[in-house]
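Listed here are the chains, written in short residue letters.
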Amino acid sequence: ESEDPKQISEALKTVIGNCILTRGVKVDNLSIFDIEYLFLNIRGKSVGEDVDVLLTCPDDGTTQVPVSINLDEIKVNVKPEHTRDIKLDDSLVLRMKYPSMSEFVKNNFSNEGGMSVDDTFTMISSCIEQIYNEEESWAAADSTKKELTEFLEQLTSQQFKEVEKFFDTMPKLSHTVKIKNPNTGLS
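Please read all numbers here as calculations on a predicted model, not as lab measurements.

1. As for the packing of helix 4 (residues 117-126) against helix 5 (residues 145-153)
Logical step 1: Contact geometry for helix 4 and helix 5: axes closest at 9 Å, N-to-C directions at 105 degrees. By the angle between their axes, helix 4 is roughly perpendicular relative to helix 5. Of helix 5, the residues touching helix 4 (which contributes Phe 121, Thr 122, Ile 124 and Ser 125) are Lys 145, Leu 148, Thr 149, Leu 152 and Glu 153.
Logical step 2: Per-class residue counts for the contact of helix 4 with helix 5 are four nonpolar, three polar and two charged.

Here's what the structure looks like:
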């Protein structure tokens, strides 16, 4: 019944944690899209796979059409250009991990005025898994927040764009529904 994103996040994690039977799965470490996918499937198996919704027709922005969506058809979509390994130069690679639900909630709902530059660097640094080249590897878990932030601050604008691309192309739960406006006949 709460509208607090932190409470909703905790409730989702509790439900999912109670339904996962596989040993060693830590709900806190699951990515946002993994949690959404698991919760959607739990909901589908417990209440039913079909959900009836009203969708607004995009051609006029007002007409609503009833549609039944089968939850089993909703999948995690991965863009072909997406990669967790960001090549920073000829030898150095930055391996990323996906933000957890806790990180997502903290960074998207904590600040009323949006994310500051510091918040952005904190979120990005929390998603660094490792930095490596052919000879050495540095685990982010063995580094301090300050060291990771300093590393990020040294990136060129082009390198930083590659980091942004990781987030822009990150897997997402999505489903496309085609509807036809009964008033205009347009899809």
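2. Digging into the environment of Phe 151
Logical step 1: Relative to the helices and strands, Phe 151 is located in helix 5.
Logical step 2: A relative accessible area of 18% places Phe 151 in the buried class.
Logical step 3: Remark: the alpha-carbon pair of Phe 151 and Val 117, spanning 34 residues in sequence, is separated by 15 Å.
Logical step 4: Apart from the residues within four sequence positions on either side, Phe 151 is in contact with Leu 88, Leu 92, Leu 94 and Ile 131.

3. Considering the pairing of strand 5 (residues 93-96)
Along any regular strand, the residues point their side chains to alternate faces of the sheet.
Logical step 1: Where strand 4 (residues 85-87) meets strand 5, three bridges bridge the pair, whose relative direction is antiparallel. Each bridged residue has a counterpart across the sheet, and for Ile 86 the counterpart in strand 5 is Leu 94.
Logical step 2: Sheet topology note: the strand 5/strand 6 (residues 128-132) ladder contains four bridges and is antiparallel. Within the sheet, the bridge partner assigned to Leu 94 lies in strand 6 and is Ile 131.

Reading the values: the criteria
Residues numbered from 1 in each chain as written. Predicted model: local features only at pLDDT ≥ 70, side-chain atom pairs only at ≥ 80, totals over all residues. Heavy atoms only, no water. Axes fitted to C-alpha atoms, helices over the stretch in contact; angles between N-to-C directions. Helix = DSSP H or I, 4+ residues; strand = E, 2+ residues; numbered from the N terminus. Parallel < 35°, antiparallel > 145°, perpendicular 65-115°, else oblique. Contact = heavy atoms within 4.5 Å. Nonpolar A, V, L, I, M, F, W, Y, C, P; charged D, E, K, R; others polar. Buried < 20%, exposed > 50% of the residue type's maximum accessible area, 1.4 Å probe, protein only. Pairing = 2+ DSSP bridges.

From the geometry alone we can't say anything about function, so treat these as descriptive.
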